[in-house]
Amino acid sequence: MESGDDSVLRCRSALPKMPTISNLDGMGGEGSNGENPCNGEIHSNGKMEVERLISKKLQLKRKAEHLKFDLMRQFDSQVLEFMDSLIEESASLEPAPVPAVFSPPLSDKERSKLRHLQGSSQGQGKQFVFRRSLLDELFEVNHIRTIYHMFIALLILFILSTLVVDFIDEGRLVLDFDLLVYVFGQFPLVVITWICMFLSVLVVPYSLFHTWASHYHESRHGTLWSLLLGALFLLYQGLGLGFLPTFVVVKNSFPPASCFIIILEQVRLMMKAHSYIRENVPKVLALAKDKSSSSPVSPLIPQLSHYIYFLFAPTLIYRDKYPRNPIIRWSYVASKLLQVLGCLFYAYYVFVRLCIPQFRSISQQLFDLRAMVLCVFNSILPGVLVLFLAFFAFLHCWLNAFAEMLRFADRMFYKDWWNSTSFANYYRTWNVVVHDWLYYYVYCDFLWMSKKRFRAAGMLLVFTMSAVVHEYILAICFGFFYPVLFCLFMCFGMMFNFILHDRRKGPIWNVIMWTALFLGQGVIICLYSQEWYAQRYCPLQEPSFLELLKPRSWSCHLQTNPAVDS
């Protein structure tokens, strides 16, 4: 009995001792020889303690990693907030204006007055600071760059599928880009038309403003002088820059891509000319109101070099000076231009493989609800790809290439629109260049004229102008009037703008935004593609005005396939 108690005590005294991993093996060996009666209990209890310690260690490690991640995220957010506030404060410090060439030296009083005049017109507007494009920063992360590689792989698959299908159908490899040759047809005439447009914008607005500003301060009939030159400027905007390029496009039947080049440049140059006049006129008017001022007007007239730089700069807001980078990275320019070319071929294969086979047989199908629904959902994939390609090619690659060549430092041409949880935020972040122009020159000017009343009316005005310009571009370039985009803007766009507003937060609203965006792209590709082929399959000999307004795709099957209706 005593020997049994001693053995139990020895076993209990051995339990608290924590064996190491190497000792566990030795203990197991001793237990196999039967020399220690409590070896089995020590082996099992020790293994459980080791596993418990390892699990606790792993839990502490995971907690430390989470704590590290949270700390780094808080630190990054605080640093970003600090840098943003620092940039805003530094941007608010306007440098002294540089006198124009051959202008007389100014006194200190005159310099301070000119600083006040320039700050009153530009200090409250958009501030340009040194900023990189968001995708350039995101592509430095390997996880984000992998998504870019996935799109490249999809392009390779499009090319391979086209080559394989052509080899099966033709028995040979067909490298035919007839679609690209067609859409960019009459390119020499496009270049000549663009040169005429650019020279007119270079000469007319600058000359009109220079003439008006030089004589307004001395004229006894300043209001009449302003009305006369203002009417000439509006006449030039409407007739010289508005009507004549459109007439050339319609008269010569430019193909779609060539037409897009002229019409988009037409809209861009009209917006730039308006910004140049809008930003510089208030400075001259403010100087004229000061009766005691003897300051010359010449420093307020921008130099021609500033205006030329603005015409090429990737912004629609005029400033005498912009933040500039010290050097030009020509390798960066070449990579962006090559990416634009790659997106062009990407869009070509999207239309060849996904759009043309689907819509070529439109004349053999009856226009009904079932066909419409199938068409919309089959058009979502090409519509989304075209949306991504247009964004990446123009808003990222093309604008960054010109910004780099001009050493233009503010590269915020877009924001993180893909994270939007509301359509209001999406409209603000998708195209920052156009949004800034609409915000400062349409919305803010409307509020100023209405004394900050009728904000909803100002928003409606912005939506209407944007919808009309978008529909005008598509109508001229496609050669028919089919207001699908206008209805989407004015109906669903306005509705989603108030329903999915900025107070909607959370991932579910981002999902809803993407779903609505995908459906909208499907509707646009489907309806415009159907109308494009209907216009060619069912031409009208002598159409009336009402027949031109009626979509041809609604009745095309009646003319091309009458047996279906019977």
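Residues numbered from 1 in each chain as written. Predicted model: local features only at pLDDT ≥ 70, side-chain atom pairs only at ≥ 80, totals over all residues. Heavy atoms only, no water.

A. The environment of P382, seen in detail. Structurally, the position occupied by P382 is in helix α14 (residues 380-405). In the structure, P382 is positioned 140 residues away from G522 in sequence and 7.9 Å away in space, judged by C-alpha atoms. (Helix = DSSP H or I, 4+ residues; strand = E, 2+ residues; numbered from the N terminus.)

B. Representation of the state of the cysteines. Going through the model one piece at a time under the given rule, you end up with one disulfide. At a sulfur-sulfur separation of 2.0 Å, the disulfide partner of C375 is C526. One disulfide, between C375 and C526, carries an S-S torsion of 125 degrees and so falls in the right-handed class. Separated by 151 residues along the polypeptide, C375 in helix α13 (residues 369-378) and C526 in helix α19 (residues 507-537) bring together distant segments of the chain. Assigned by exposure class, C375 and C526 land together as buried. In this structure C477 is a free cysteine whose sulfur lies 3.5 Å from that of C259, the closest cysteine sulfur available. (Disulfide = S-S within 2.5 Å. Buried < 20%, exposed > 50% of the residue type's maximum accessible area, 1.4 Å probe, protein only.)

C. Seen up close, the pattern of salt bridges. Scanning all chains against the criterion turns up 10 salt bridges. A salt bridge links E279 to R319; its shortest N-O distance comes to 3.3 Å. With E279 in helix α10 (residues 256-289) and R319 in the loop between α11 (304-312) and α12 (330-359), this pair connects stretches of sequence that are 40 residues apart. In this structure, E279 and R319 share a single accessibility class: buried. Beyond isolated ion pairs, a larger network of salt bridges with shared partners links R329, E404 and R411. (Salt bridge = Lys/Arg side-chain N within 4 Å of Asp/Glu carboxyl O.)

D. View of the environment of F151. By secondary structure assignment, the location of F151 is in helix α6 (residues 142-170). Apart from residues no more than four positions distant in its own chain, F151 is found in contact with Y346, L385 and F388. (Contact = heavy atoms within 4.5 Å.)

E. Inspection of the UniProt feature "active site" (unreviewed entry) in the protein at higher detail. In this structure's numbering, the residues bearing the UniProt feature "active site" (unreviewed entry) are H470. For H470, the location among the structural elements is in helix α17 (residues 455-478). Within the structure, the side chain of H470 is placed 2.7 Å from the backbone oxygen of S466, a separation counted as a polar contact. (UniProt positions renumbered as here; feature names shortened; annotations may be inferred. Polar contact = N/O pair within 3.5 Å; in protein donor to acceptor, adjacent residues only side chain to side chain.)

F. The arrangement of the nonpolar core in detail. Counting residues in each nonpolar core, the largest one holds 84 residues, and the members touching the most others are F209, Y276, Y307, F391, F392 and F408. One finds I356, A467, L474 and L485 within the second-largest nonpolar core, a separate group that totals 22 residues. (Core = buried A, V, L, I, M, F, W, Y, C linked by side-chain atoms within 4.5 Å.)

G. View of the packing of helix α18 (residues 484-499) against α19. Running from N to C, α18 and α19 point in directions that differ by 165 degrees, and their axes come no closer than 11 Å. When the axis of α18 is compared with that of α19, the two are roughly antiparallel. The interaxial crossing formed by α18 with α19 has right-handed handedness. Two secondary-structure elements touch here, α18 through V484, L485, L488 and F496 and α19 through A516, G520, V523, I524, L527 and Y528. Residue classes in the contact of α18 with α19 are distributed as nine nonpolar, one polar and no charged. (Axes fitted to C-alpha atoms, helices over the stretch in contact; angles between N-to-C directions. Parallel < 35°, antiparallel > 145°, perpendicular 65-115°, else oblique. Left-handed = near helix turned anticlockwise from the far one by under 90°. Nonpolar A, V, L, I, M, F, W, Y, C, P; charged D, E, K, R; others polar.)

H. The arrangement of unusual backbone geometry in detail. In the Ramachandran plot, Q186 falls in the positive-phi region, its phi being about 55 degrees despite a non-glycine side chain. With respect to the secondary-structure elements, Q186 resides in the loop between α7 (178-183) and α8 (187-216). Given a relative accessible area of 35%, Q186 falls into the partly exposed group. One non-glycine residue with positive phi stands out, namely K452, at about 60 degrees. Here K452 is to be found in the loop between α16 (432-449) and α17.

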